[in-house]
Amino acid sequence: MTDRVRFAPSPTGYLHVGSARTALFNWLHARATRGTYVLRIEDTDAERNRPELTRALLDELEWLGLDWDEGPHFQSERRDRHREVVEDLLDRGLAYLCDADNAEVAGTSLVDGLAVRFRMPDDRTVAFDDVVRGNVSFDTADLEDFVVWRSNGTPMFLLANAVDDADMGITHAIRGEDLLSGVPKVLLLLDAIGAPRPTYAHLPLLVNASRQKLSKRRDDVAMADFRERGYLPEAMVNYLALLGWGPPDDIEVRPLEEIVELFRIEDVNKAAAFFDLRKLEHVNASHLRGLDKATFVERVQPWLDEAPWAPEAFDAGVFDRMVDLVQEKLRTLADVVRFVDFLFLEEPADDPESWQKVMVDGPSAAEVLDGAAAALAGCPWESEAVKDAVAEVGEALDLRLGKAQAPVRVAVTGRTVGPPLFEAMAECMERDEVLRRIARARARL
RNA sequence: GCCCCCAUCGUCCAGCGGCCUAGGACGCCGGCCUUUCACGCCGGUAACACGGGUUCGAAUCCCGUUGGGGGUGCCA
């Protein structure tokens, strides 16, 4: 029999990066073992049983490329089966009715308005072998009776989860460590209904800088936000795979298909992992550079469409001439705008830091601009000539080209950072416009 | 409080009793290249939490301590 795993998110309206990591590891295990990856929506809580919340979840999973083989199954549609199990538990005295004050109420079948609690057996040790954590054991003396059926007639998570895993033939439950302490209750439930226990694998938690579980309130956790900020799905998934797992050959940046070949759930480590945005950026930049030109242009298009310049000001031909120079420097797709905006904006804004660094604190800004204005007015409008012109101005002032081009760059583009300057000016801009910007900057010194 | 889990560079991962004077990556620092730079190349910085065992030998096994985290809902 092949392995059957499942990702069973609660529809909260967005995909949490921690959940995405769980989904990814389940998906990887299924693909690596040629097993089956089942998607199940745990919407037993009435508030979460709304189609749009699930839709948002599925959108992000699809974006990441984590396709499922079966489902999505909806827990809310399995109410009758859950009820049947609870009735059986009640009938066999393994669970009991209880009122709002948690007081036991006599009876062996469901009653409207009353909840049902599972009766915790006395002094038993419940142990299991977790694929990543090894042997874990709990004493039932430390556990309380727990609710399996709400007074409003809906099943509780633990019950639905246990029953569904059993009914769906789930062989491996791969999920976050935050669910570890719930295992003994699920195991007892499974034993009670005579179902086999799945193998558990509890993944280390993803934590923030203060080493606490990533939370919606204080951390950036919505996958959609990363997408909007210009992260590539292949980079996202690559980085996530590196949290709690590492390739045996130490090659970290690589396509998912390769990770599938190398992934083994038993290699996952136990310690919590810090979600490091810096490293994510590095992985993203690497994948970005690896894109072929056509794909890169396609990916970056949405950001160009939303850019601050007037739509008619955009010149695809100009952009095309700059693409290669820009692609290798971006860390996120969103960065593209800052790299080329000066080409399409009437009056690119001056970046205050750049202005301070070069025009105020830097050497001979006024002289450079005056010299450049004169030299560029007469030289051939071609990148080599433009470069030579600026280089000469620098030499006269005893400045290396790197220093000499800085004021010109800030005057023309508004920033110290950007694509190669002389190519951009000569190949993408009119001489008059360049001169106008230099004059404008000179006047503001 | 009680229960459970965890503990190698700042961070992520490697190491599963000798190959470790602990390796790779991100970051950081320095240099090179150079038309800035978020590319590339070279070099550097930096860790086995602590204390006991076990063993000829421990980052690796055991126990304890300390530290951290998770759980403890008629949420999932």
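Caption draft 1: Examining the packing of aromatic side chains more closely. In the structure shown here, the tally under the stated rule is eleven aromatic pairs. Taking the centre distance of 4.8 Å and the plane angle of 55° together, the rings of F314 and F344 count as tilted. Residue F314 is found in the loop between α10 (293-305) and α11 (316-327), and its partner F344 is found in helix α12 (residues 336-344); the two are separated by 30 residues along the sequence. Residue F344 is classed as buried on the basis of its relative accessible area of 5%. Through a chain of ring-to-ring contacts, three or more aromatic side chains come together here, namely F226, Y231, Y239 and F275.

Caption draft 2: Expanded view of the side chain of H29. As for its position among the elements, H29 is in helix α1 (residues 17-33). By relative accessible area, which is 6% here, H29 ends up buried. With residues up to four places along the chain from it excluded, the contact list for H29 reads D3, V5, H172, I174, F263 and I265.

Caption draft 3: Broad picture of the protein's contact with RNA strand B. The immediate surroundings of RNA strand B are formed by 68 residues, with R150, K329, T416, G418 and E423 found nearest. Each atom of RNA strand B within 4 Å of the protein belongs either to a base or to sugar and phosphate, the latter forming 70%. Between RNA strand B and the protein, one listed contact pairs a sugar or linking oxygen with a side-chain N or O atom of S181 at 2.8 Å. Between T416 and RNA strand B, the recorded distance is 2.4 Å, taken from a backbone N or O atom to a base oxygen. Taken together, the elements giving at least two residues each to the surface near RNA strand B come down to β6 (115-118), β8 (134-139), β13 (273-274), α9 (277-290), α12, α16 (401-413) and α17 (421-428). Broken down by class, the residue content of the surface near RNA strand B amounts to 24 nonpolar, 15 polar and 29 charged.

Caption draft 4: Here's a closer look at the sheet that holds strand β5 (residues 104-105). Within the open sheet, the four strands sit side by side as β5-β4-β6-β9. Their pairing is antiparallel. Two strands bound the open sheet, and with one partner strand each, they are β5 and β9 (146-149). The pairing of β6 with β9 spans three bridges and is antiparallel. When the bridges of β9 are listed, R117 appears paired with V147. Lying over the sheet, helix α3 (residues 79-91) contacts β4 (95-98), β6 and β9, oriented at roughly 130° with respect to β9.

Caption draft 5: Focus on the domain arrangement of chain A. Split into domains, chain A comes out as domain 1 (293-344) and domain 2 (352-444). Contact with domain 1, which involves eleven residues of that partner, is made by 13 residues of domain 2. For the pair domain 1 and domain 2, the summed buried surface comes to about 1,100 Å²; carbon and sulfur atoms form 68% of the total. At the boundary of domain 1 with domain 2, the tally comes to one salt bridge. Between D341 and R415 there is a salt bridge, and its shortest N-O distance comes to 3.2 Å.

Caption draft 6: Quick peek at the pattern of salt bridges. For the structure shown, the criterion picks out 38 salt bridges. A salt bridge links D67 to R31; the nearest nitrogen and oxygen atoms lie 3.6 Å apart. Note that D67 is positioned in the loop between α2 (51-64) and β3 (70-74) and R31 in helix α1, a separation of 36 residues in sequence. The partly exposed category is assigned to D67, whose relative accessible area is 42%. Exposure remark for R31: the relative accessible area of 22% places this residue in the partly exposed category. Here D191 and R197 are joined by a salt bridge, their closest N and O atoms 2.8 Å apart. Accessibility expressed as a relative area gives 37% for R197, which makes it partly exposed. Within this structure, R6, R40, E42, R78, R81, E84, D164, D165 and D167 form a network of salt bridges that share partners.

Caption draft 7: Local environment of the nonpolar core. In terms of nonpolar packing, the biggest core is built from 104 residues, with L24, M236 and F275 touching the most fellow members. Examining the composition of this core, we find that eight residues originate from one element, α1, more than from any other. Formed jointly, this core draws a minimum of three residues from each of two domains, domain 1 (293-344) and domain 2 (352-444). Beyond its immediate stretch of four places on either side in the chain, M236 contacts V17, W63, L64, M223, F226, Y231, F275 and L280.

Caption draft 8: Spotlight on helix α15 (residues 383-396). The terminal C-alpha atoms of α15, which comprises 14 residues, lie 20 Å apart, in line with the 20 Å expected from a rise of 1.5 Å per residue. Against α14 (365-378), α16 and α17 lie the buried residues of α15. Capping the start of α15, E382 holds a side-chain oxygen 2.9 Å from the backbone nitrogen of E384, two or three residues further along. Positive backbone phi, approximately 65°, marks D398, located one or two places after α15.

Caption draft 9: A look at a negative patch on the surface. Negative charge collects at one region of the surface, where E382, E384, D388, E392, E395 and E427 lie side by side. With four residues, the single largest contributor to the negative patch is α15. Note that E382 resides in the loop between α14 and α15.

What counts as what
Residues numbered from 1 in each chain as written. Chains lettered and ligands numbered in written order. Predicted model: local features only at pLDDT ≥ 70, side-chain atom pairs only at ≥ 80, totals over all residues. Heavy atoms only, no water. Phe/Tyr/Trp six-rings, centres within 6.5 Å; stacked < 30°, edge-to-face > 60°. Helix = DSSP H or I, 4+ residues; strand = E, 2+ residues; numbered from the N terminus. Buried < 20%, exposed > 50% of the residue type's maximum accessible area, 1.4 Å probe, protein only. Contact = heavy atoms within 4.5 Å. Near = heavy atom within 4 Å. Polar contact = N/O pair within 3.5 Å; in protein donor to acceptor, adjacent residues only side chain to side chain. Nonpolar A, V, L, I, M, F, W, Y, C, P; charged D, E, K, R; others polar. Pairing = 2+ DSSP bridges. Axes fitted to C-alpha atoms, helices over the stretch in contact; angles between N-to-C directions. Domains from an automatic or database assignment. Buried area = accessible area lost by both parts, 1.4 Å probe. Salt bridge = Lys/Arg side-chain N within 4 Å of Asp/Glu carboxyl O. Core = buried A, V, L, I, M, F, W, Y, C linked by side-chain atoms within 4.5 Å. Expected span 1.5 Å × (residues − 1). Patch = residues over 30% accessible without salt bridge, like charges linked within 9 Å, V, L, I, M, F, W, Y side chains within 5 Å. Areas by Shrake-Rupley, 256 points an atom, 1.4 Å probe, with all protein chains shown as cover. Lys, Arg positive; Asp, Glu negative; His and termini not counted. Charge placed at Lys NZ, Arg CZ, Asp CG, Glu CD.

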